[in-house]
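A structural walkthrough
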Amino acid sequence: MTVQPDAPPSTAVIPVIHRHELIIIGGGLAGLRAAYEAVSSGINVAVISKVHPLRSHSVAAQGGINAALGNADTTTHDSWEAHAFDTVKGSDYLADQDAVATMCREAPAAVVELEHMGTVFSRDDAGHIAQRPFGGAGYPRTCYAADRTGHNLLHTLYQQVTVKGVTFYEEYFVTSLVTAGGACAGCTALCIQDGTIVGFLAKATLLATGGFGRIYERSTNALINTGDGLHLALEAAAPLKDMEFVQFHPTSLYGTNILITEGARGEGAVLLNKNGERFMKNYAPGAMELAPRDVVARAIETEIREGRGFPGGFVHLDLTSLGEPLINDRLPGIRQIAIDFAGIDPVTTPVPVQPAQHYSMGGIDVDVSGRTPLPGLFAAGECACVSVHGANRLGGNSLLDTLVFGKITAETIIGDLPDLDPGGASVIEKAVVEEGNRIISLFHRGSGDNMYQIRDTLKKTMMDHFGVYRDGPSMDAGLIEILSLRDRCQQAGVPLMQTPYNLPLVHFLEITGMVRIAETVARCAIARNESRGSHARKDYPLRDDDHFLHHSLLVPDGDGTLKVRTSPVSLGMFPVKERVY
Ligand SMILES: Cc1cc2nc3c(=O)[nH]c(=O)nc-3n(C[C@H](O)[C@H](O)[C@H](O)COP(=O)(O)OP(=O)(O)OC[C@H]3O[C@@H](n4cnc5c(N)ncnc54)[C@H](O)[C@@H]3O)c2cc1C
């Protein structure tokens, strides 16, 4: 239905309803890998994306994708078991070990499959896929395409699914999931191009909407990473898991927080404080710069807080010993980013870096098959929590997660499809009308509170109270601020009254979701009285396996109140140990 800002709420118009067997919300790597699997088995698949799929954040992935191919080190024999061990240890023992085993076992086939589809990987001298060392990994295991791995993977998959006939709805912003008879029956979406609200009726709905990094002031994430899918799931009463675990990448470019890939350290770059000291020897003498991200981010943050950073709050990432030919061959994007955005050439000058939010380990609660507890609703990729990353993700494991679990979830859907029945279109038609009326009511609020001020306050609150280091009183104060922002959202108006490309309307819908997601992070973080992985509490500096070796599960009550519950971690393959690097 057309959303005319000055029209009275109406039910007279018959809404447009699109029908598919499977709708995938998200055109990043998880969404497209699932689409490839489903369309290949003859299913009628549509991909809905708020931007062109090739602008999904997956395209920005730099350093690479992990798989125990053993190409770089044939004498010591990497294995999927070694990959699984590194992943579980990296997760601070919170990852589900059965899910980790699945991911690591499937990794070589997932990478080779994308190679055969046409991904142009960097090569070693023997002509095999090149592999570089990454943080927390016992072997050089990260396959890469220079420092543009995500770009190459996403373009390859997009070409493949386009050829196979997947339907794309580009620049459609999904505003709600529709449930009928206790199952997901599809969704409503705003067509950004013309401002209409349409419905999608489907037997199966897959959320592949990526991360929520933009709730933080400093983030390496794309502007579109606002966590919409998690908000959609929560509103449909599907639980979220482990939301307190937010990854800070150690090395974002000071000033803009554009990512400087871990691949730079993998190739030999070192971290220096203002005294020229290679300070990682004081934090992880064994792994040094290639300790996992939580360890390195805390080290940099500590150097800065204790006065050994440079004025303004950064340290140096020194690539100068790598030499121009290697930098041009393996890190050309990083060199260009540093030149364009900091006026610094890494060939000759150290790069100023600081930690910034980078990844969300938590997400929509799914089992190893990709099912949420809500029948008909599935999730994969960064928006989902399987969980293979636990309390801290290893670099190179997220691209892998998208491909492996994108495929597995599609296989699950293919199997479940005969038993899923979304019912008739009437429930979706009703939802479209209700959604249209809700949006019209936003236009009637007048100028209201300023949503961009709400957003900026939220970002600062998350940075100040839920950053690299946390403590109880500060987090309590942060939650109070978030709740007041939630109230302010009820007063915020949508200023622009034109209908096509009403981006302030899109931003408003994103911001209300961001505030809600921030609340989930805060509630889970406050409930976990220990330090584990990325969740580092000054008031509880130690890991406490007796009381907290469990997942946090956020379940909305009927009145919208969020309750933090727990669910068990799947153990068994590797004993829980102290985590030292
Ligand atoms: C700068 C950077 C570099 C990285 N480098 C690496 C790396 O080298 N190796 C690695 O393993 N990981 C890396 N990561 C992490 C990894 O890239 C991501 O976790 C992964 O690509 C996420 O893929 P995805 O398919 O889950 O989501 P995304 O690629 O983020 O796609 C999300 C999709 O959802 C759609 N969407 C969202 N909300 C809506 C809505 N309301 N309506 C309609 N559509 C919607 C978007 O349009 C988009 O198509 C990096 C991340 C960043 C930020």
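Notes on the structure in this doc start here. (Residues numbered from 1 in each chain as written. Predicted model: local features only at pLDDT ≥ 70, side-chain atom pairs only at ≥ 80, totals over all residues. Heavy atoms only, no water.)

Summed over all chains, the structure comprises 42 salt bridges. Salt-bridge contacts for D329 lead to R330; the nearest nitrogen and oxygen are separated by 4.0 Å. A relative accessible area of 52% places D329 in the exposed class. Measuring nitrogen to oxygen at the nearest pair gives 2.7 Å for the salt bridge that ties E530 to R532. In this structure E530 comes out as buried when scored by relative accessible area, which is 0%. Within this structure, D92, E244, D294, R298, R528, E530, R532, R543, D545 and R579 form a network of salt bridges that share partners. (Salt bridge = Lys/Arg side-chain N within 4 Å of Asp/Glu carboxyl O. Buried < 20%, exposed > 50% of the residue type's maximum accessible area, 1.4 Å probe, protein only.)

Let us now look at the site of the ligand. Around the ligand sit 38 residues, and of these S56, H57, S58, E382 and S398 come closest. One of the backbone N or O atoms of G27 is found 2.8 Å from an oxygen atom in the ligand. In the environment of the ligand, an oxygen atom lies 3.1 Å from a nitrogen or oxygen atom belonging to the backbone of L29. Starting from 1,000 Å² of accessible surface for the ligand in isolation, the protein chains cover 98%. Among the secondary structure elements, those contributing two or more residues to the shell around the ligand are α1 (29-40), β2 (45-49), β7 (172-180), β14 (351-360) and α10 (397-416). Tallying contributions element by element places α10 first for the shell around the ligand, with four residues. The residue makeup of the shell around the ligand, split by class, is 14 nonpolar, 20 polar and four charged. (Near = heavy atom within 4 Å. Polar contact = N/O pair within 3.5 Å; in protein donor to acceptor, adjacent residues only side chain to side chain. Areas by Shrake-Rupley, 256 points an atom, 1.4 Å probe, with all protein chains shown as cover. Helix = DSSP H or I, 4+ residues; strand = E, 2+ residues; numbered from the N terminus. Nonpolar A, V, L, I, M, F, W, Y, C, P; charged D, E, K, R; others polar.)

Moving on to the sheet that holds strand β21 (residues 562-568). Taken together, the five strands give an open sheet; going across it, the order is β17-β15-β10-β20-β21, and neighbouring strands pair in mixed fashion. The open sheet has two edge strands, β17 (384-385) and β21, and neither has a second partner. In this structure, strand β15 (residues 363-365) lies alongside β17, joined through two bridges in parallel fashion. From the neighbouring strand, I364 faces β17, where its bridge partner is A384. In this fold helix α5 (residues 228-235) packs onto β10 (240-241), β15, β20 (550-556) and β21, with an angle of close to 35° to the strand it touches most, β15. Strand contacts of helix α14 (residues 503-527): β10, β20 and β21, with the helix running at about 55° to β21, the strand carrying the most contacts. (Pairing = 2+ DSSP bridges. Contact = heavy atoms within 4.5 Å. Axes fitted to C-alpha atoms, helices over the stretch in contact; angles between N-to-C directions.)

A word on the sheet that holds strand β13 (residues 315-318). Spatially, β11-β14-β13-β12 is the arrangement adopted by the four strands of the open sheet, whose pairing is antiparallel. Pairing within the sheet leaves two strands with one partner each, and these edge strands are β11 (246-253) and β12 (270-272). Direction aside, the axes of adjacent strands within the sheet are offset by 45° on average. Across six bridges, the pairing between β11 and β14 is antiparallel. Residue pairing for β14: L253 is matched across the bridge by V353.

Structurally, the α-helix is built with 3.6 residues per turn, so residues lying three or four positions apart point the same way. Between the first and last C-alpha of helix α4 (residues 149-164) there are 23 Å, a value that for 16 residues agrees with the 22 Å anticipated at 1.5 Å per step. Among all positions of α4, only T149, G150, L153, L154, T156, L157, Y158 and V161 are buried. The inward-facing, buried residues of α4 contact α1, β3 (65-66), α3 (97-117), β5 (142-143), β6 (167-170) and α10. (Expected span 1.5 Å × (residues − 1).)

As a further point, take the pairing of β14. For β14, the buried fraction is high: ten of the ten residues fall into the buried class. Bridge count for β13 against β14 is three bridges, and the pairing is antiparallel. Counterpart to V315 in the pairing with β14 is V353.

Membership of the largest hydrophobic core comes to 141 residues, with the highest contact counts inside it found for L207 and I215. By residue number, the principal contributor to this core is α14, which donates 13 residues. Apart from the residues lying within four places of it in its own chain, the contact partners of I215 are L458, K459, M462, M514, I517, A518 and V521. If you look at the next biggest cluster of nonpolar residues, it comprises 27 residues, including A264, V295, L322 and V351. (Core = buried A, V, L, I, M, F, W, Y, C linked by side-chain atoms within 4.5 Å.)

Let us now look at empty space enclosed by the protein. Scanning the entire structure with this criterion turns up four cavities of 30 Å³ or more. Of the volumes computed, that of the largest cavity is approximately 70 Å³. Lining the largest cavity are V246, Q247, F248, R293, D294, A297, R298, N392, V468 and S534. Of all the secondary structure elements, the ones that give two or more residues to the lining of the largest cavity are β11 and α7 (293-305). Looking at which element gives the most residues to the lining of the largest cavity, the answer is α7, with four residues. Here the lining of the largest cavity is composed, by residue class, of four nonpolar, three polar and three charged. (1 Å grid on protein atoms, 1.4 Å probe; cavity = no way out; pocket = protein on both sides within 12 Å on 5 of 7 lines; lining within 4 Å. Points joined across faces, edges and corners; volume = space filled by probe spheres on them.)

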